[in-house]
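Report on the structure
Spelled out from the first residue to the last, the chains are:
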Amino acid sequence: GPYETNRFGDNWFIGAAGGVNIFWNDGIKDFKVGPSIDGNFGKWFTPAIGTRVSFQGFQFKDCKLDNRDYRQLHADLLWNVTGSHYHARDRPWDIVPYVGLGIIHNEDNGNCPFAFSYGLMARYRLAQRLHLTMELGGTTTFDDFDNYGHSASREFGDNLFSVKAGL
């Protein structure tokens, strides 16, 4: 069933993806895209519930439209919506929303704040142990991540949105 647990050695996965991201805060009037890469590993505890640890980064354009390097490490809770209702042999597609916590590091100014991660992943089974993944994701962190916010307020306000594809 969809909530039957498996053994510790079962259902581990690794993934790699690439795509683009957009940095957004109130100061940006013109959106520019930057490159993004992602590597992750995780485990499905049941066909519906899993976790992963993800490392992503590369560059984003800040509110002055300057290229900035960043790195992010986050742990996510995954919920396979289709895995909750159908057996894996009955479906080639999976829809997987996720939420998580982590840190994001701005390589240029040294800021390393706490961040929320969230998104939606679609997986298509190419073979028994191989999936094509497409992901729309987001990260929200403190307003001073790009060094242009109000550091005294400690309010959330800087956002990084990404579109990625991988295996």
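Please read all numbers here as calculations on a predicted model, not as lab measurements. (Residues numbered from 1 in each chain as written. Predicted model: local features only at pLDDT ≥ 70, side-chain atom pairs only at ≥ 80, totals over all residues. Heavy atoms only, no water.)

**Things to note about the overall build of the protein chain**
Along its length, the protein chain carries zero helices and eight strands. When the helices and strands of the protein chain are listed from N to C terminus, the series reads β-β-β-β-β-β-β-β. Across the 167 residues that make up the protein chain, the buried fraction comes to 40%. Taking as baseline every contact in the protein chain between residues at least 6 positions apart, the subset at least 24 positions apart corresponds to 55%. (Helix = DSSP H or I, 4+ residues; strand = E, 2+ residues; numbered from the N terminus. Buried < 20%, exposed > 50% of the residue type's maximum accessible area, 1.4 Å probe, protein only. Contact = heavy atoms within 4.5 Å.)

**Regarding the nonpolar core**
Counting seven residues, the largest nonpolar core is built from F23, F60, Y70, I104, A115, F145 and L160. Sequence-distant contacts of F60, that is, excluding residues within four places in its chain, are made with N21, F23, D66, N67, R68, D69, Y70, N106, F145, D146 and L160. Grouped together as the second largest cluster of nonpolar side chains are five residues, L78, V96, Y98 and M121 included. (Core = buried A, V, L, I, M, F, W, Y, C linked by side-chain atoms within 4.5 Å.)

**A few points about the packing of aromatic side chains**
Within the structure shown, the criterion is met by ten aromatic pairs. Judged by centre distance (4.7 Å) and plane angle (35°), the rings of F23 and F60 are tilted. Residue F23 is located in strand β1 (residues 12-24), and its partner F60 is located in strand β3 (residues 49-61); the two are separated by 37 residues in the primary sequence. A ring pair is formed by F142 and F156, whose centres lie 4.7 Å apart and whose planes are at 15°; its orientation type is stacked. (Phe/Tyr/Trp six-rings, centres within 6.5 Å; stacked < 30°, edge-to-face > 60°.)

**Concerning the pairing of β3**
Of the strand pairs in this sheet, strand β2 (residues 33-44) and β3 are connected by nine bridges, and their pairing is antiparallel. Along β3, the bridge assignment pairs F41 with V53. The antiparallel pairing of β2 with β3 creates a hairpin that spans four residues between the two strands. Bridge count for β3 against strand β4 (residues 67-79) is 13 bridges, and the pairing is antiparallel. Counterpart to V53 in the pairing with β4 is A75. (Pairing = 2+ DSSP bridges.)

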